[in-house]
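Observations on the three-dimensional arrangement
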Amino acid sequence: QVQLVESGGGLVQAGGSLRLSCAASGSIFSSNVMGWYRQAPGKQREWVAHITSGGNPNYADSVKGRFTISRDNAKNTVYLQMNSLEPEDTAVYYCNARRPVDVWTMMMGSWGQGTQVTVSS
């Protein structure tokens with residue numbers, strides 16, 4: 001299992017920016033696919049972005065061009081830089097880690113506790 005601790009959420013006005021961080025422990029971080037998901041009130045959790053062990057990012061269409069995912073393997077940390085935030089981005093954001101065995105067995109891996117992001121209009 002991978003332990004994940006998110007930070008960086010908060011309240012921001014529309015058009016503003018926030019950077020989320022997720023510190024990981026308990027596995028070989030550089031081997032993991034790291035991702036961010038979010039869940040708004042009354043909605044299902046949805047995928048936002050992920051970054052492969054090789055550093056290749058992928059984004060949901062709703063955040064493409066506004067959000068940037070990155071990783072620092074020396075610090076065992078993944079980041080989500082969120083720019084041009086919109087009220088629709090309001091949600092609890094969850095960090096996700098998938099070890100190679102999780103990818104091979106199509107399991108979702110480990111989750112952080114979540115961090116609240118609120119965007120006011």
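For the structure, check the block above.
Residues numbered from 1 in each chain as written. Predicted model: local features only at pLDDT ≥ 70, side-chain atom pairs only at ≥ 80, totals over all residues. Heavy atoms only, no water.

The next point concerns the pattern of salt bridges. Enumeration over the complete set of coordinates arrives at six salt bridges. Ionic pairing is found between D61 and K64, a salt bridge with its closest N-O pair at 3.2 Å. Two residues, D102 and R99, come together in a salt bridge whose shortest N-O distance is 3.1 Å. Among the residues examined, R99 registers a relative accessible area of 26% and is labelled partly exposed. Among the charged side chains, a salt-bridge network with shared partners connects R38, E46, R66, E86 and D89. (Salt bridge = Lys/Arg side-chain N within 4 Å of Asp/Glu carboxyl O. Buried < 20%, exposed > 50% of the residue type's maximum accessible area, 1.4 Å probe, protein only.)

The next thing to look at is the packing of aromatic side chains. Using the criterion set out here, one finds one aromatic pair in the structure. Between the aromatic rings of Y37 and W111, the centroid separation amounts to 4.9 Å while the plane-to-plane angle is 70°, which identifies the pairing as edge-to-face. Placement of the pair is Y37 in strand β4 (residues 33-39) and W111 in strand β10 (residues 110-111), with a sequence separation of 74 residues. Directly above the ring of Y94 sits R45, whose terminal nitrogen or CZ lies 3.7 Å from the centroid. Residue placement shows R45 over the ring face of W111; its charged tip is 4.6 Å from the ring centre. (Phe/Tyr/Trp six-rings, centres within 6.5 Å; stacked < 30°, edge-to-face > 60°. Helix = DSSP H or I, 4+ residues; strand = E, 2+ residues; numbered from the N terminus. Lys NZ or Arg CZ within 6 Å of the ring centre and 35° of its normal.)

There is a patch of nonpolar side chains on the surface, built from V101, V103 and W104 and spanning about 330 Å² of accessible area. Mapping V101 onto the fold places it in helix α1 (residues 100-104). Given a relative accessible area of 38%, V101 falls into the partly exposed group. (Patch = residues over 30% accessible without salt bridge, like charges linked within 9 Å, V, L, I, M, F, W, Y side chains within 5 Å. Areas by Shrake-Rupley, 256 points an atom, 1.4 Å probe, with all protein chains shown as cover.)

The pairing of strand β1 (residues 3-7) with strand β3 (residues 18-25) spans five bridges and is antiparallel. When the sheet's bridge partners are listed, L4 is paired in β3 with A24. With six bridges connecting them, β3 and strand β8 (residues 77-82) associate as antiparallel partners. Each bridged residue has a counterpart across the sheet, and for S21 the counterpart in β8 is Y79. (Pairing = 2+ DSSP bridges.)

On to the side chain of R66, then. Its location among the elements puts R66 in the loop between β6 (57-59) and β7 (67-72). Of the polar contacts made by the side chain of R66, one reaches the backbone oxygen of S62; its length is 2.9 Å. In contact with R66, not counting residues within four places along its chain, are Q81, M82, N83, S84, L85, E86 and D89. (Polar contact = N/O pair within 3.5 Å; in protein donor to acceptor, adjacent residues only side chain to side chain. Contact = heavy atoms within 4.5 Å.)

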